[in-house]
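# Coordinate analysis (summary)
In case you want the letters, here they are:
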Amino acid sequence: MHIEPFEIRIPDSALQDLRERLARTRFPDEIPGSGWGYGTELAYMRELVAYWKDRYDWRAAEARLNALPQFRARVGGLDVHLIHVRGKGPKPLPLVMTHGWPGSVTEFLDVIGPLTDPGANGGDPADAFDLVLPTMPGYGFSGHPTEPGMDPERIAALW
């Protein structure tokens with residue numbers, strides 16, 4: 001298996017393009033008083049688009065991820081992005097954590113420290129884990145499947 005270090009480096013031009021596309025969002029009409037009855041509430045969707053366009057700090061998120069050991073590995077014919085944090089304890093137990101649909105490895109950022117270094121987080125160092133946090137195919141920085149059938153069973157077999 002080929003494994004290489006990985007660092008996130010999104011060009012400023014890509015972020016600017018995203019902000020411009022969000023600014024051009026054409027929102028649909030909404031039936032008065034329908035709320036969430038016919039899908040996402042329009043007011044919520046407008047706020048969500050405004051957040052991603054004007055307030056989300058991609059560079060801070062990028063820096064937080066880049067502070068972790070990231071890799072890309074060739075697995076089952078796909079390039080899979082993963083975070084691998086070694087545990088700090090006498091005998092860390094390997095643990096693979098997989099995000100769901102939709103989702104990303106960012107869901108696990110707040111538990112990495114407690115799981116890999118329980119001694120520094122009020123726990124017993126003997127409870128440490130070596131964490132492997134792969135990004136599912138088709139998500140984030142992993143490669144995209146080119147054929148159907150990338151279901152939970154197939155992903156589990158890849159891991």
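So, a few notes on the structure that sits alongside this text. (Residues numbered from 1 in each chain as written. Predicted model: local features only at pLDDT ≥ 70, side-chain atom pairs only at ≥ 80, totals over all residues. Heavy atoms only, no water.)

Core analysis: the largest hydrophobic core is formed by 13 residues, its most contacted members being Leu68, Ile83, Ile112 and Leu133. Of all elements in the fold, only strand S3 (78-85), helix H4 (109-116) and strand S5 (129-134) reach the threshold of two or more residues within this core. Among all residues touching leucine 68, those that are not within four sequence positions of it are Ile83, Val85, Leu109 and Ile112. Counting 9 residues, the second largest nonpolar core, distinct from the first, contains Val75, Val80, Leu82 and Met136. (Core = buried A, V, L, I, M, F, W, Y, C linked by side-chain atoms within 4.5 Å. Buried < 20%, exposed > 50% of the residue type's maximum accessible area, 1.4 Å probe, protein only. Helix = DSSP H or I, 4+ residues; strand = E, 2+ residues; numbered from the N terminus. Contact = heavy atoms within 4.5 Å.)

Below, the discussion takes up the packing of aromatic side chains. Following the criterion strictly, the structure yields 6 aromatic pairs and no others. Taking 5.2 Å as the distance between ring centres and 50 degrees as the angle between the ring planes, the aromatic pair formed by tryptophan 36 and tyrosine 44 counts as tilted. Given a relative accessible area of 42%, tyrosine 44 falls into the partly exposed group. Judged by centre distance (4.3 Å) and plane angle (40 degrees), the rings of tryptophan 52 and tyrosine 56 are tilted. What makes tyrosine 56 partly exposed here is its relative accessible area of 29%. (Phe/Tyr/Trp six-rings, centres within 6.5 Å; stacked < 30°, edge-to-face > 60°.)

Running from amino to carboxyl end, helix H1 (residues 12-23) crosses helix H2 (residues 42-55) at an angle of 150 degrees, the nearest separation of the two axes being 9 Å. The orientation of H1 with respect to H2, classified from their angle, is roughly antiparallel. In the packing of H1 onto H2, the handedness of the crossing is left-handed. For the pair H1 and H2, the contacting residues are Arg19, Leu22 and Ala23 in the first and Val49, Trp52 and Lys53 in the second. In terms of residue class, the contact of H1 with H2 is built from 4 nonpolar, no polar and 2 charged. (Axes fitted to C-alpha atoms, helices over the stretch in contact; angles between N-to-C directions. Parallel < 35°, antiparallel > 145°, perpendicular 65-115°, else oblique. Left-handed = near helix turned anticlockwise from the far one by under 90°. Nonpolar A, V, L, I, M, F, W, Y, C, P; charged D, E, K, R; others polar.)

For the rest of this paragraph, the subject is helix H3 (residues 58-66). Burial in H3 covers these residues: Ala61, Glu62 and Leu65. Along the long axis of H3, the arc covered by the buried residues comes to 100 degrees, so they all point the same way. In the core, the buried residues of H3 are packed alongside strand S2 (70-75), S3 and H4. The opening residue of H3, the one whose side-chain oxygen lies 3.3 Å from the backbone nitrogen of arginine 59, is aspartate 57. (Arc of directions from axis to C-beta. Polar contact = N/O pair within 3.5 Å; in protein donor to acceptor, adjacent residues only side chain to side chain.)

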